[in-house]
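# Analysis of the macromolecular model
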Amino acid sequence: MTELPSFDRLLWLAENDPKKLDALQKKLNQEVIEESAASSKPKLISLLDHLEKKLSLCKTPYQRYHVVSNMMYQKLSSLNEVLNRPDEFYQHKAKVLSFNSTEQNAETKTAR
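To start, this report covers the structure provided alongside it. (Residues numbered from 1 in each chain as written. Predicted model: local features only at pLDDT ≥ 70, side-chain atom pairs only at ≥ 80, totals over all residues. Heavy atoms only, no water.)

### Thoughts on the overall build of the chain
Using the following cut-off: Comment: elements are numbered from the N terminus, with helices defined as DSSP H or I runs of at least four residues and strands as E runs of at least two. Between buried and exposed lies partly exposed: a residue is buried under 20% and exposed over 50% of the maximum accessible area for its type, with that area taken using a 1.4 Å probe on protein chains only. The accessible surface values rely on the Shrake-Rupley method and a 1.4 Å probe; as for residues, cover is taken only from the protein chains in view.
Helix and strand counts for the chain come out as six helices and zero strands. Put simply, the chain runs from its N terminus to its C terminus through helices and strands in the order α-α-α-α-α-α. Taking all 112 residues of the chain together, 11% fall into the buried category. Accessible surface computed for the chain: about 10,100 Å², of which carbon and sulfur atoms make up 57%.

### Digging into helix α2 (residues 18-35)
Rule in force here: The span you would expect from a helix comes to 1.5 Å times its residue count less one. Contacts are assigned to residue pairs with any non-hydrogen atoms lying within 4.5 Å of each other.
For α2, with 18 residues, the first-to-last C-alpha span of 26 Å sits near the 26 Å given by 1.5 Å per residue. For α2, the complete set of buried residues consists of L24, L28, E31 and I33. Contacts made by the buried residues of α2 are with α1 (7-16) and α3 (41-56).

### Side note on the layout of surface pockets
Keep this limit in mind: A pocket, in this scheme, is an open set of points on a 1 Å grid over the protein atoms alone with protein on both sides within 12 Å along at least 5 of 7 lines, while a cavity is a set where a 1.4 Å probe fits but cannot get out; residues line either one if an atom lies within 4 Å of a point. Grid points are joined across faces, edges and corners, and a volume is the space filled by probe spheres set on the points. Note on residue categories: nonpolar means Ala, Val, Leu, Ile, Met, Phe, Trp, Tyr, Cys or Pro, charged means Asp, Glu, Lys or Arg, and polar means any other residue, Gly included.
Estimated volume of the largest pocket: approximately 900 Å³. Taken together, 26 residues form the lining of the largest pocket, with Q25, L51, L55, R64 and V68 sitting closest to its centre. For the lining of the largest pocket, the secondary structure elements donating two or more residues are α1, α2, α3 and α4 (61-84). Among the elements that make up the lining of the largest pocket, the one with the highest residue count is α2 (nine residues). When its residues are assigned to classes, the lining of the largest pocket shows 19 nonpolar, three polar and four charged.

In short, shape yes, function no, at least from these values alone.
This is the structure we're talking about:
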């Protein structure tokens, strides 16, 4: 795994070479995903993609900080609810509906 540079070096990169800092961040993100359990990889990739899309809309470093901070707060809040009220968490279940294409075609024809 790539060694994380010192704080001073990261600060220097942020001020003088933000593209290099961004490349380092992406490299470290990919290394973490590669080293994670196979069952966690799809969720981590999705989370990273979601984060990158949100961050791409930011115009200032403060906005980027705010987006990341809010996402972390939401995740910690969800974890807190699961840990403190597991019964309520497990009561929330989604009903999965299957759509059969032949049923849809029949309904579409009768609707016309």
